[in-house]
Amino acid sequence: MKQPDEGNLFTDLMELGPAPTMAREIVVIVISIAIVAVLFAIVGTSLPAFVALGVIVAFMGVRFVIGMRHWGKQS
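Residues numbered from 1 in each chain as written. Predicted model: local features only at pLDDT ≥ 70, side-chain atom pairs only at ≥ 80, totals over all residues. Heavy atoms only, no water.

Participant: Please explain the overall build of the protein as it appears in this structure.
Facilitator: Helices and strands together make up the secondary structure of the protein, namely 3 helices and 0 strands. Start at the N end of the protein and walk to the C end: the helices and strands fall as α-α-α. Counting the 75 residues in the protein, one finds 21% classified as buried. Here the contacts in the protein between residues at least 6 apart in sequence split such that 48% fall between residues at least 24 apart. (Helix = DSSP H or I, 4+ residues; strand = E, 2+ residues; numbered from the N terminus. Buried < 20%, exposed > 50% of the residue type's maximum accessible area, 1.4 Å probe, protein only. Contact = heavy atoms within 4.5 Å.)

What follows is the structure, given as structure tokens:
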């Protein structure tokens, strides 16, 4: 995991692992939710869209849980 002074918001959004701090990870989650909402507005509500939503929510949850383990060790 990177140090808090490394990278930026774009790299936090693109990484598979969590952001270096909890605050940055929460910002990533909020931005991801906004992107998914825009995609739902464009695509509409269909079964593949809901499957993709479930995968995204599960991925963000796993990312946050992994991050919590690392953020706790930094203190």
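Still more ground to cover, so stick around.
Participant: Is there a simple way to explain the packing of aromatic side chains in this structure?
Facilitator: The geometry of two aromatic rings is summed up by the distance between their centres and the angle between their planes. By the definition in use, this model includes 2 aromatic pairs. With a centroid separation of 5.4 Å and an interplanar angle of 65°, the aromatic rings of Phe-40 and Phe-50 are classed as edge-to-face. Remark: Phe-50 occurs in helix α3 (residues 47–74) and Phe-40 occurs in helix α2 (residues 22–43); sequence separation between them is 10 residues. Taking relative accessible area as the criterion, Phe-50 reaches 45% and is therefore assigned partly exposed. A ring pair is formed by Phe-64 and Trp-71, whose centres lie 5.4 Å apart and whose planes are at 70°; its orientation type is edge-to-face. On the basis of relative accessible area, Phe-64 is assigned to the partly exposed category, the value being 22%. (Phe/Tyr/Trp six-rings, centres within 6.5 Å; stacked < 30°, edge-to-face > 60°.)

Participant: Sorry if this is basic, but what is going on with the confidence of the model for the protein here?
Facilitator: Do not read the fine detail of predicted coordinates wherever pLDDT is low. Summarising the model, the protein shows a mean pLDDT of 85, and 89% of its residues fall at 70 or more. Per-element mean pLDDT across the protein ranges from 84 in helix α1 (residues 9–14) up to 90 in α2. (pLDDT = per-residue confidence, 0-100.)

Participant: Help me understand the environment of Leu-53 in this model?
Facilitator: For Leu-53, the location among the structural elements is in helix α3. In this structure Leu-53 touches Val-36 and Phe-40, once residues within four positions along its chain are discounted.

Participant: How should the UniProt feature "transmembrane region" (unreviewed entry) in the protein be read in this particular structure?
Facilitator: Feature annotation in UniProt places "transmembrane region" (unreviewed entry) on residues 26–43 and 49–66, given in this structure's numbering. For residues 26–43, helix accounts for 100% and strand for 0%, while the C-alpha atoms at its two ends are 26 Å apart. Helix makes up 100% of residues 49–66 and strand 0%. Its end C-alpha atoms lie 26 Å apart. (UniProt positions renumbered as here; feature names shortened; annotations may be inferred.)

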